[in-house]
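# A closer look at the structure
Letter by letter, the chains look like this.
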Amino acid sequence: MRISVPTRLGFGTAPLGNMYRNIPEQEALDTVEAAWQQGIRYFDAAPMYGAGLAEIRLGTALQQHRRDDYVLSTKVGRLILDEREDTTQRDLGEKGGLFEHGLPNKIVYDYTADGTLRAIEASLARLKTDRLDIVWIHDPARDFHGEGWRDVFGIAMNGAAKALTRLREEGVISAWGLGVNRVEPCEMALQQADPDGFLIAGRYTLLDHADALRTLMPASTARGLGIVVGGPYNSGILAGGTHYEYQQATPEILARVDALRAVCAEFNVDIRAAALQFSLAHPAVAAVIPGASQPSRIAENLALVDAAIPAAFWQALRTRGLVAVDAPLPQAG
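Right, let's walk through the structure included here.

Cut-offs and rules
Residues numbered from 1 in each chain as written. Predicted model: local features only at pLDDT ≥ 70, side-chain atom pairs only at ≥ 80, totals over all residues. Heavy atoms only, no water. Helix = DSSP H or I, 4+ residues; strand = E, 2+ residues; numbered from the N terminus. Rg over C-alpha atoms; globule rule 2.2 N^0.38 Å. Contact = heavy atoms within 4.5 Å. Areas by Shrake-Rupley, 256 points an atom, 1.4 Å probe, with all protein chains shown as cover. Lys, Arg positive; Asp, Glu negative; His and termini not counted. Charge placed at Lys NZ, Arg CZ, Asp CG, Glu CD. Core = buried A, V, L, I, M, F, W, Y, C linked by side-chain atoms within 4.5 Å. Buried < 20%, exposed > 50% of the residue type's maximum accessible area, 1.4 Å probe, protein only. Pairing = 2+ DSSP bridges. Polar contact = N/O pair within 3.5 Å; in protein donor to acceptor, adjacent residues only side chain to side chain. Salt bridge = Lys/Arg side-chain N within 4 Å of Asp/Glu carboxyl O. Phe/Tyr/Trp six-rings, centres within 6.5 Å; stacked < 30°, edge-to-face > 60°. Lys NZ or Arg CZ within 6 Å of the ring centre and 35° of its normal. Axes fitted to C-alpha atoms, helices over the stretch in contact; angles between N-to-C directions. Parallel < 35°, antiparallel > 145°, perpendicular 65-115°, else oblique. Left-handed = near helix turned anticlockwise from the far one by under 90°. Nonpolar A, V, L, I, M, F, W, Y, C, P; charged D, E, K, R; others polar.

Turning our eyes to something else, we now look at the overall build of the chain. A count of helices and strands for the chain gives 13 helices and twelve strands. For 333 residues, the compact-globule estimate of 2.2 N^0.38 gives 20 Å, and the C-alpha radius of gyration of the chain, at 19 Å, lies within 12% of that figure. Oriented by its inertia axes, the alpha-carbon framework of the chain measures out at about 55 × 45 × 40 Å. Once local pairs closer than 6 in sequence are excluded, the contacts in the chain between residues at least 24 apart make up 77%. Carbon and sulfur atoms make up 50% of the accessible area of the chain, which totals about 13200 Å². Between the centroid of the 32 positive side chains of the chain and the centroid of its 40 negative side chains there is a distance of 2 Å.

Quick look at the structure:
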């Protein structure tokens, strides 16, 4: 697998950028340390998360650990400027309002080769490290760029993708791919470039996986690529929340979640455990990276990954049409 990470449960740092709420600095640092103490060795960040705040906090927290002992990924496609902006008016496409509590630095898109190198240099400084292992091209997709997203994607393929391919060939980074919330850009990247894999958020989950199974997952398996699954709880709806796609869930989504919960109740299964284990069951999946903003969440996620779930539960989901017929199911534990 071309995306290689040391632990199948990683740490997604979007919450450390003050996503949805103003997280105390020490709480953020303690959460990263809790992940470390419990064996997690893969950490994923992005400049967008709080306009650099998540990277700064992650870099501070990891300073006490040997760089060779963990795998680090971050993203390119956005630059963080010294100029300030109103965080409540920040343009995050369909995800508006996510980081109102982040830093006030202005965020601008730049998918060119030069912008990619500048983004990496800035991320290295915020992360207080001398190298990145994996770099994802962040969000060259419809949910952030609307109807003109294909033009943005083209710039990313001619700019960022080529720059990252050179860095990989030179041994500066180990791997690159796309970090997106949509399947279509990943499928296009497979045709136009040579990525090592993808970080795809919310699209290979217990709730939403049919589109990814059609082409992306089998193609990734065939080419030996690795998929990192972000957003395994679909913005919280599979973890007791009310958000789906970072917005309030629609009645249709709520009805589907209710159906999943009914089967979980029947077999005494925690829906969060089912969500994590379902994503990890596909052979193309290298890791799943649920976010966490409190130390206690780390132990919970680790316990959920290892929770025993009977085979009959998975078969019931399939029989009732709640998972795709071709989705690999976890082995009963």
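On we go from here.
As a further point, take the environment of P15. The residue P15 is located in the loop between β1 (11-12) and α1 (25-37) in this model. C-alpha separation for the pair P15 and A119, spaced 104 residues apart in sequence, amounts to 21 Å. The contacts of P15, once residues within four sequence positions are left out, are I23, G291, A292 and S293.

On to the nonpolar core. Residues F43, I137, L206 and L238 are the most contacted members of the largest nonpolar core, which totals 101 residues. With seven residues, the single largest contributor to this core is helix α11 (residues 271-280). Excluding residues that lie within four positions of it along the chain, I137 makes contacts with V76, Y111, A156, M157, A160, A161, L164, W176, G177, L178, G179 and V180. Among the nonpolar cores identified, the runner-up in size contains twelve residues, and V5, I134, L199 and V228 belong to it.

Of all five residues that make up strand β9 (residues 226-230), five are buried, and the element is covered over most of its length. Along β9, one buried face is formed by G226, V228 and G230 and the opposite face, lined by I227 and V229, is buried too. Pairing of strand β8 (residues 197-201) with β9, which is carried by five bridges, proceeds in the parallel orientation. Note on β9: the bridge partner recorded for G197 is G226. For β9 and strand β12 (residues 285-289), the ladder comprises four bridges, and the chain directions are parallel. Each bridged residue has a counterpart across the sheet, and for I227 the counterpart in β12 is V285.

Extensive coverage of α11 is indicated by the burial of nine of its ten residues. Along α11, the residues that are buried comprise I271, A273, A274, A275, L276, Q277, F278, S279 and L280. A side-chain oxygen of the first residue of α11 lies 2.8 Å from the backbone nitrogen of R272; this N-cap is D270.

The subject of this paragraph is the pattern of salt bridges. With the rule as written, the count across this model stands at 25 salt bridges. A salt bridge links D196 to R2, with the nearest nitrogen and oxygen atoms 3.0 Å apart. With D196 in the loop between α7 (184-192) and β8 and R2 in the segment before β1, this residue pair connects regions lying 194 residues apart in the sequence. Classification of D196 by relative accessible area gives buried; the value is 4%.

In this section: the packing of aromatic side chains. Tallied over the full model, the rule gives ten aromatic pairs. A ring pair is formed by Y204 and F278, whose centres lie 5.3 Å apart and whose planes are at 20°; its orientation type is stacked. Linking Y204 in the loop between β8 and α8 (210-214) with F278 in helix α11, this pair joins segments that are 74 residues apart in sequence. Take Y204: its relative accessible area is 0%, and that puts it in the buried class. Members of the aromatic cluster, each reached through a chain of ring pairs, are F11, W36, F43 and Y70. The cationic tip of R41 hangs over the ring face of W36; the distance from NZ or CZ to the ring centre is 3.7 Å. Above the ring of F144, the side-chain terminus of R78 is found at 4.7 Å from the ring centroid.

We now examine unusual backbone geometry. Phi is positive for A51, which is not a glycine, with a value near 55°. With respect to the helices and strands, A51 occurs in the loop between β2 (42-44) and α2 (53-62). Positive phi is not limited to glycine here, since N234 has a value of about 50°. Residue placement: N234 occurs in the loop between β9 and β10 (243-244).

Ordered by their spatial adjacency, eight strands build an open sheet running β1-β2-β3-β6-β7-β8-β9-β12, and the pairing between neighbours is parallel. In the strand order of this sheet, the two ends are held by β1 and β12, each with one partner. One ladder, built from five bridges, connects strand β6 (residues 134-138) with strand β7 (residues 175-180); its direction is parallel. Directly across from H138, in β7, lies its bridge partner G179.

For the pair α11 and helix α12 (residues 295-306), the least separation of the axes is 8 Å and the interaxial angle reads 65°. When the interaxial angle is binned, α11 and α12 end up roughly perpendicular. For the pair α11 and α12, the crossing hand works out as right-handed. Residues R272, A273, L276, Q277 and L280 of α11 form the contact with α12, whose own contacting residues are E300, N301, L304, V305 and D306. Among the residues forming the contact of α11 with α12, the class breakdown is five nonpolar, two polar and three charged.

None of this, on its own, says anything about what the molecule does.
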